[in-house]
Amino acid sequence: STRGGSGGSHYSYVPPSAGQTGQCVYRPLRKVDCRAINERLDMLNAAGVPVDESSTQLGTILVESGRATADLDARHLAFNFINCPRRALLGAAWFTRIERDGDVVLHPLSEVDGDRVERLYLRAVSASSSLSDASTDDVLKEHVDLEDERGYKAMICKVGRTLTMKKKSSSLFGTSVILQRGYGEYKVPGEEDESCLAPPR
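The rules behind these values
Residues numbered from 1 in each chain as written. Predicted model: local features only at pLDDT ≥ 70, side-chain atom pairs only at ≥ 80, totals over all residues. Heavy atoms only, no water. Helix = DSSP H or I, 4+ residues; strand = E, 2+ residues; numbered from the N terminus. Buried < 20%, exposed > 50% of the residue type's maximum accessible area, 1.4 Å probe, protein only. Core = buried A, V, L, I, M, F, W, Y, C linked by side-chain atoms within 4.5 Å. Contact = heavy atoms within 4.5 Å. Salt bridge = Lys/Arg side-chain N within 4 Å of Asp/Glu carboxyl O.

(A) Quick look at unusual backbone geometry. For serine 65, which is not a glycine, the phi torsion comes out positive at approximately 55 degrees. Tracing the backbone shows serine 65 in the loop between strand 3 (60–63) and strand 4 (68–71). The exposure class of serine 65 is partly exposed, given its relative accessible area of 30%. Here arginine 75, not a glycine, exhibits a phi torsion of approximately 55 degrees, which is positive.

(B) Spotlight on the nonpolar core. Judged by nonpolar contacts, the single largest core of 24 residues is most densely connected at Leu29, Ile37, Ala70, Leu72 and Leu77. If you list the elements that add at least two residues to this core, you get strand 1 (10–13), helix 2 (31–46), strand 3, strand 4, strand 5 (76–79) and strand 6 (87–92). Of all the elements, helix 2 adds the most residues to this core, at four residues. Beyond its immediate sequence surroundings of up to four residues, leucine 77 is in contact with Tyr13, Leu29, Val63, Ala68, Thr69, Ala70, Arg86, Arg87 and Leu89.

(C) Structural view of the pattern of salt bridges. Per the stated rule, a full pass over the model turns up eight salt bridges. Its salt-bridge partner being aspartate 33, residue arginine 30 comes within 3.1 Å of it at the nearest N-O pair. The burial state of arginine 30 is the same as that of aspartate 33; both residues are buried. The salt bridge partner of arginine 75 is glutamate 111, with a shortest N-O separation of 2.7 Å.

Right under this line is the structure:
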């Protein structure tokens, strides 16, 4: 799993308002909720329980200060006090990064594809070590095909002394986008205020 790679996965979902705008923009859960989910999965993993998408022993956990329930087995988010469809819950450590009009839009890779990208990334980190038997040039020749995004592959590109992970179309003249490890800095409105309140009963 990619969860441990960059401080744990960041969990995102499509908010109820997304259907009104026609846009599929994933909204990150609050940091405290991401930490709680990762802690649950780390605990189960330490106990020998599989924590991949095929698991049926992960259970549920309250998020959004009790306003929603995350079903970790079904990978969905159910809202407890409003009538709306369940939303897909995605755990990701890797995201496509696209800049539009000065804003950065992040879209999570699936857990399966994120695992593949993470393994390639770790090979590059290992190759860059002075103690490694492999060379960075060897890793630059590699790529991994993405399973849930058919026709795309992940590869490492070198510009000067900088290495960048990219998602690229497998076609000869296909486009490419930057892949970002971790969600980066973000704030969920109200999280800081709610963290001062007592937990729901």
